[in-house]
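Here is how the chains run, residue by residue.
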Amino acid sequence: MRVSGDHSQQRNVGLGLALLSAFAFGGSGVAAKPLIEAGLAPLEVTWLRVTGAALVLLPLAWRHRGMLTRRPGLLVGFGLLAVAGVQACYFAALSRIPVGVALLVEYFAPALVLGWVRFVQRRPVSRAAAVGVVLAVGGLTCVVEVWSGLSFNPLGVLLAFGAAFCQVGYFVLSDHGSDGRDPADPLGVIAHGLLIGAVALTVVSRPWGMDWTVLAGHVGLAGARVPAPALLAWIVLVATVLAYLTGVVSVRRLSPQVAGVVACLEAVIATVLAWVLLDEHLGVAQVVGGAVVLTGALIAQTSTPKAAAAEPVAASAPVEGEREFTAGE
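(A) Structural context of the packing of aromatic side chains. Overall, the coordinates contain three aromatic pairs when judged by the stated rule. Where F25 meets Y244, the ring centres are 5.2 Å apart and the plane angle is 80°; that geometry is what we call edge-to-face. Residue F25 is located in helix α1 (residues 2-37), and its partner Y244 is located in helix α11 (residues 228-253); the two are separated by 219 residues in the primary sequence. Here the two residues F25 and Y244 agree in accessibility, since each one is buried. Relative to Y244, the ring of F78 lies with its centre 6.2 Å away and its plane at 65°, an arrangement referred to as edge-to-face.

(B) Here's a closer look at the side chain of S250. Within the secondary structure, S250 sits in helix α11. On the basis of relative accessibility, which here comes to 2%, the residue S250 falls in the buried class. Look past the residues within four positions of S250 in its chain and what remains in contact with it is G14, L17, A18 and A259.

(C) Up close: the nonpolar core. Among the nonpolar cores identified, the biggest contains 78 residues, and L40, F78, Y170, L194 and Y244 are the most heavily contacted of them. Examining the composition of this core, we find that 11 residues originate from one element, α11, more than from any other. Apart from the residues within four sequence positions on either side, L194 is in contact with V50, A53, A54, L57, V83, T240 and Y244. Ranked by size, the runner-up nonpolar core spans 10 residues in total, among them A93, A102, V105 and A163.

The rules behind the values
Residues numbered from 1 in each chain as written. Predicted model: local features only at pLDDT ≥ 70, side-chain atom pairs only at ≥ 80, totals over all residues. Heavy atoms only, no water. Phe/Tyr/Trp six-rings, centres within 6.5 Å; stacked < 30°, edge-to-face > 60°. Helix = DSSP H or I, 4+ residues; strand = E, 2+ residues; numbered from the N terminus. Buried < 20%, exposed > 50% of the residue type's maximum accessible area, 1.4 Å probe, protein only. Contact = heavy atoms within 4.5 Å. Core = buried A, V, L, I, M, F, W, Y, C linked by side-chain atoms within 4.5 Å.

Encoded structure:
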């Protein structure tokens, strides 16, 4: 009974962290849009976001510098996929297809996580997580109102799916670092991942041509003039540092497929914040869709969380009546 209680507490803490991560990530668009409208390119804002966060976490990167030789593949993969890949592919897709379509395609990631677990790792997945994915994806269709402006540019769709696959890398690699007898510290993974992502984005965004004067002025937000550095600070400290830290820890306390479904709330949170701060009103379909996403996330979190095992998972017998998942071998 004690083990069951520990699992329940672990799940609740993981769910809280996943929700906090979704809120932090969801607030990035609202803060970034005024900067983009003021003259910065989306990739330039992304570079500022990732590079600023990397500098903030530089002391952690130095503290965990030994990981560069112990887990180089994990760090490079996290930096290129979970940090640079998601951002670069998503913003590139936006230039070719509607925002709603790109967002919906990207958030097929939880379903792709289930596919990875079931068909690549050949592990069972919980029914709750599967049902949650179906509801969350269906709800997202309403949240982004995908039917209101379909303009399927093949390259744009391909880039959006690229963002989705990179997001799968975020969930899988976040969990992968916790396996084995020498688990990778999540703080070190994030710190080094942001550094590697910043280097990769520097090549893509070419920040030396950026209009730096935008950051010295004020931008419009919710009918007021807000200092641009304040929005940038929010993007760096909350929407990146806090979001990645809580996100990775939540994956380790839940599982990639459960945390992935909860992360779908990011779209709902982003839409609500845009409604309140940017006067982008919600329609009835979006409100209903948000409720469906929330329902899917709540159902998914009832899935049994990952339990720490003293021996390899393949060698341990499953507990009757449980459908537990442990990722990363």
